[in-house]
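# A look at the structure
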Amino acid sequence: MAYDMMQAAAVQTLFLDANVSDPIGAAKILAMRLLTETRRSEQQIRLQQFSTPLPYAALAVRAAAIRKGEIVLEPSAGTGSLAGFSKRAGAKLMLNEVDPFRQRLLDVVFDAQASGHDAEHIDDLLTLCEAVTRPTMRFVEIKSPGQQAILSIHRARDLIVRQRTQTINMLRGLLAEFGVIFAQGVGHAVNFAKRVTEGHSPELPQAACDVITDLSEQLLALHLRVNWYGRRMTAAAKSEPRIAVLQTIPGIGPITASAIVATVGSAEQFRSGRDLSAWLGLTPINKSTGGKERLGRISKIGDRYIRRLMVVGMTSRIKQIKRAPERFDPWFADILQRKPAKLAAIAMANKTARIIWAVLTHNKPYEIRTA
């Protein structure tokens, strides 16, 4: 630390002395008066720190032929030897030093804010800086506090739903060991839990009855929490016009609509509906080769939560289309005739994602096209 301060003081001396006509000669004289660095501390070894001798720094700057106004990036500025001579040549400095103490020294000597990145990652950081200047670069839209609030409701509700599912599975598994079976579905499980809490539990050993009763009470409590979060989502949907517009799309309810608006906002960061669909992981992977077009399964990248909501919504919509196909877009009835139901649900979710983009970007309700 003392050696760093001594060398920084030497750099400051050369930097402030405007009467020095021969920087290399002055650096040699000053270096002879400094202590030699005969040992390195454990921190210097860990950070791979070396100090550039003053004469070498002066020679390097002269060899680089730095002109006034040029920008000099020093990824590992150390105590500022190279930076000092570059500053004397009239260059603008961009300094970086991972060691906090040396970083503070640089701030004092050059009256500039030095960054504290690892020098090994400078190339990666410069690549990112270069990338963000490209006109084709796309960025994530900054979410408003209102959007974050809606997303917090969704995240919490998703957690409670998973806990409810775990409790139902545990109840079903424990009861199956005693030969007691109830119908599948959340509604049947909740009705069974209500009967148990009202005293109509199956004939089981007392210890098992206590466990089943406790799990039933937990299931009912979780079910109430899920309904509470559902009501909060419905209230949030009424306060946001874009959510109301999305609900004009068949298969998109308040939960899915609020999740989409809270996540993508106006969807203007996507150039087309396909970009939104690809971002949700609903587009097929292209495996075309040799002039043969082959599309594989969907990529499943992007927002997993919204993708699940959309697929579930389209699955429930399939039943409506089968009952009254004349009330829906002919495309959906056609895909159901040609493809299995699960595959059709994915294809419908893919198409619906494109409709969502069009509705959000144009801010117009969806108009159903019937045959």
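Okay, so let's go over this structure. Predicted, not measured: the structure shown is a model, and the values here were computed from it.

## As for unusual backbone geometry
Phi angles above zero are rare outside glycine, and Ala267 is one such case at about 65 degrees. Positive phi values are uncommon outside glycine, yet Lys300 reaches one of about 60 degrees. For Lys300, the position within the fold is in the loop between β4 (295-298) and α14 (304-323). The exposed category is assigned to Lys300, whose relative accessible area is 53%.

## Observations concerning helix α9 (residues 186-197)
With 12 residues, α9 extends 16 Å from end C-alpha to end C-alpha; this agrees with the ideal 16 Å at 1.5 Å per step. Along α9, the residues classified as buried are Ala189, Val190, Phe192, Ala193 and Val196. Considered in projection along α9, the buried side chains sweep an arc of 160 degrees and stay on one side of the axis. In this structure, the buried side of α9 is in contact with α8 (145-176) and α10 (206-239). At the C-terminal side of α9, Gly199 shows a positive phi close to 100 degrees.

## With respect to the side chain of Thr256
On the secondary structure map, Thr256 appears in helix α12 (residues 254-264). Its relative accessible area of 7% is what places Thr256 among the buried residues.

## Some words on the nonpolar core
Counting 50 residues, the largest nonpolar core has Leu246, Ile249, Met310, Ile356 and Leu360 as the members making the most contacts within it. Contributing elements (two or more residues each) for this core: α8, α10, α11 (241-246), α12, α14, α15 (330-338) and α16 (341-362). Counting residues per element, this core draws most heavily on α16, which supplies 10 residues. Leu360 has contacts with Arg242, Leu246, Ile260, Val261, Val264, Gly265, Ser266 and Ala267, leaving out every residue within four places of it along the chain. Formed by 17 residues, the second largest nonpolar core is a distinct cluster that contains Ile168, Ala189, Phe192 and Leu219.

## Observations regarding α14
The terminal C-alpha atoms of α14 lie 30 Å apart, and with 20 residues this matches the ideal 28 Å at 1.5 Å per residue to within 8%. Within α14 the residues assigned to the buried category are Tyr305, Ile306, Arg307, Leu309, Met310, Gly313, Met314, Arg317, Ile318 and Ile321. The elements touched by buried residues of α14 are α8, α10, α12, β4, α15 and α16. One side-chain oxygen of the residue at the start of α14 lies 3.1 Å from the amide nitrogen of Tyr305, identifying that residue as Asp303.

## Remarks on the packing of aromatic side chains
Taken as a whole, this structure holds three aromatic pairs when the rule is applied. Plain terms: the ring middles of Phe182 and Phe192 are 4.9 Å apart, the flat faces sit at 20 degrees to each other, and that makes the pair stacked. Of the two residues, Phe182 sits in the loop between α8 and α9 while Phe192 sits in helix α9, which places them 10 residues apart along the sequence. Taken individually, Phe182 and Phe192 each receive the classification buried, so the pair is uniform in this respect. Considering the side-chain rings of Trp228 and Tyr229, the 4.9 Å spacing of their centres and the 80 degrees angle between planes classify their relative orientation as edge-to-face.

## Let's talk about a positive patch on the surface
A cluster of basic residues, Lys287, Arg297, Lys300 and Arg304, forms a positive patch at the surface. Mapped onto the secondary structure, Lys287 falls in the loop between β3 (284-286) and β4.

## Here we look at the pattern of salt bridges
A pair can form between side chains of opposite charge whenever their charged atoms are brought close. As enumerated under the stated definition, the model contains five salt bridges in all. Of the charged contacts in the structure, one is a salt bridge between Asp275 and Arg271, with a shortest N-O distance of 3.4 Å. On the basis of relative accessibility, which here comes to 61%, the residue Arg271 falls in the exposed class.

## Quick word on the packing of α14 against α15
Contact geometry of α14 with α15 gives a least axis separation of 10 Å together with a crossing angle of 100 degrees. Comparing their axes, α15 and α14 come out roughly perpendicular. Mapping the contact onto sequence places Arg317, Ile318, Ile321 and Lys322 in α14 and Phe332, Ala333 and Leu336 in α15. Classifying every residue of the contact of α14 with α15 gives five nonpolar, no polar and two charged.

About the cut-offs
Residues numbered from 1 in each chain as written. Predicted model: local features only at pLDDT ≥ 70, side-chain atom pairs only at ≥ 80, totals over all residues. Heavy atoms only, no water. Helix = DSSP H or I, 4+ residues; strand = E, 2+ residues; numbered from the N terminus. Buried < 20%, exposed > 50% of the residue type's maximum accessible area, 1.4 Å probe, protein only. Expected span 1.5 Å × (residues − 1). Arc of directions from axis to C-beta. Contact = heavy atoms within 4.5 Å. Core = buried A, V, L, I, M, F, W, Y, C linked by side-chain atoms within 4.5 Å. Polar contact = N/O pair within 3.5 Å; in protein donor to acceptor, adjacent residues only side chain to side chain. Phe/Tyr/Trp six-rings, centres within 6.5 Å; stacked < 30°, edge-to-face > 60°. Patch = residues over 30% accessible without salt bridge, like charges linked within 9 Å, V, L, I, M, F, W, Y side chains within 5 Å. Areas by Shrake-Rupley, 256 points an atom, 1.4 Å probe, with all protein chains shown as cover. Salt bridge = Lys/Arg side-chain N within 4 Å of Asp/Glu carboxyl O. Lys, Arg positive; Asp, Glu negative; His and termini not counted. Charge placed at Lys NZ, Arg CZ, Asp CG, Glu CD. Axes fitted to C-alpha atoms, helices over the stretch in contact; angles between N-to-C directions. Parallel < 35°, antiparallel > 145°, perpendicular 65-115°, else oblique. Nonpolar A, V, L, I, M, F, W, Y, C, P; charged D, E, K, R; others polar.

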